[in-house]
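# A structural walkthrough
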Amino acid sequence: MNYQNAQFYTSFGRLSQMPKSDRTEIAFAGRSNVGKSSLLNKILNRKALARVSSMPGKTVTINFFSLENIYFVDLPGYGYAKVSKREKEKWGELIGGYLNDGERQLELVFQLIDIRHEPSKEDIMMINFLIDNEIPFVIVFTKADKLKPSKREERMAGFANEIPCFDQITSIVASAQTGEGIEDIRAIIDEVSEGAEIYHLPPDANDDYEDFYDEPEDDEEQSGGFSGGYLRPNTKP
Ligand SMILES: Nc1nc2c(ncn2[C@@H]2O[C@H](COP(=O)(O)OP(=O)(O)O)[C@@H](O)[C@H]2O)c(=O)[nH]1
Ligand SMILES: [Mg+2]
């Protein structure tokens, strides 16, 4: 793909405004502040196509950018504590409605995780959701420039235990600052835009997922809005 020609396509905050799917979509998911907008801008060679915000979690919208035969979908971040219950519900409805829309040609999700920290409960829920719903995905560890090599090794060893099915998941270490990993991400986008189906996990990949997931109490305060209902991972029969 020619990564010079990306354009803003549309933005919506309600499912009723969600555009009909007429292209392959590649979505970007992750916590607020994980570096989603920065990464998208870097991949798409634009300084401020996806806005980089110092006020995470402010607006709950899904933004589409178009490039050749692909829509890049910037999903609203989760895990930002200072949002109202209403906003969290809205987040759950919107992101859940998008991901559960069987009509869409969602061919890949880049799931972003800050390389410096253990994945949050919401990150793990998100990954379980992707696995259980057989949505192909790749994990991108962001902000790699912020870690020394020894710390990086340490975190990568940690992720192998913290992330379900880690040995079956493709992951990329990236930095929007140094550009590390960006060409690898573009190579994956190119493959997917050409119709390759290589990032699917087998349907039974997550059979041992209970080891990784604590069922939340119904009244437990969720920090990320997964309480909206849609994104609760499937419980095993
Ligand atoms: N050092 C460093 N900072 C980054 C990187 N990516 C994002 N940031 C910073 O992290 C903050 C949040 O980034 P943003 O892209 O808005 O995150 P989003 O909320 O996930 O879209 C901003 O201050 C960015 O400048 C990175 O790769 N390296
Ligand atoms: Mg952003």
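Our subject is the structure listed above.
Rules behind the numbers
- Residues numbered from 1 in each chain as written.
- Chains lettered and ligands numbered in written order.
- Predicted model: local features only at pLDDT ≥ 70, side-chain atom pairs only at ≥ 80, totals over all residues.
- Helix = DSSP H or I, 4+ residues; strand = E, 2+ residues; numbered from the N terminus.
- Contact = placed C-beta atoms within 7 Å.
- Buried ≥ 20, exposed ≤ 12 C-beta atoms within 10 Å, placed from the backbone.
- Near = placed C-beta within 6 Å.
- Nonpolar A, V, L, I, M, F, W, Y, C, P; charged D, E, K, R; others polar.
- Pairing = 2+ DSSP bridges.

A count of helices and strands for the chain gives five helices and seven strands. Sequence-ordered secondary structure for the chain, helices as α and strands as β, is β-β-α-β-β-α-β-α-β-α-β-α. Sequence separation of 24 or more characterises 80% of the internal contacts of the chain that already satisfy a separation of 6 or more.

Before going further, it helps to examine the environment of A48. In this fold, A48 is placed in the loop between α1 (36-43) and β3 (62-67). Residue classification places A48 among the exposed positions, given that 8 C-beta atoms sit within 10 Å. Placed 11 residues apart in sequence, A48 and S37 show a C-alpha to C-alpha distance of 8.3 Å.

Taken together, 20 residues form the shell around ligand 1, and within it G35, K36, S37, S38 and A176 come nearest. The element that contributes the greatest number of residues to the shell around ligand 1 is α1, accounting for three residues. Of the residues in the shell around ligand 1, the class split is four nonpolar, 12 polar and four charged.

Our next topic: the pairing of strand β5 (residues 105-114). Burial within β5 is extensive, with nine of its 10 residues counted as buried. Sheet analysis places strand β2 (residues 24-29) next to β5, joined by six bridges and oriented parallel. Bridged to A29 within β5 is Q111. Two strands pair when backbone bridges link them, and β5 and strand β6 (residues 137-142) are joined in this way by six bridges, in the parallel orientation.

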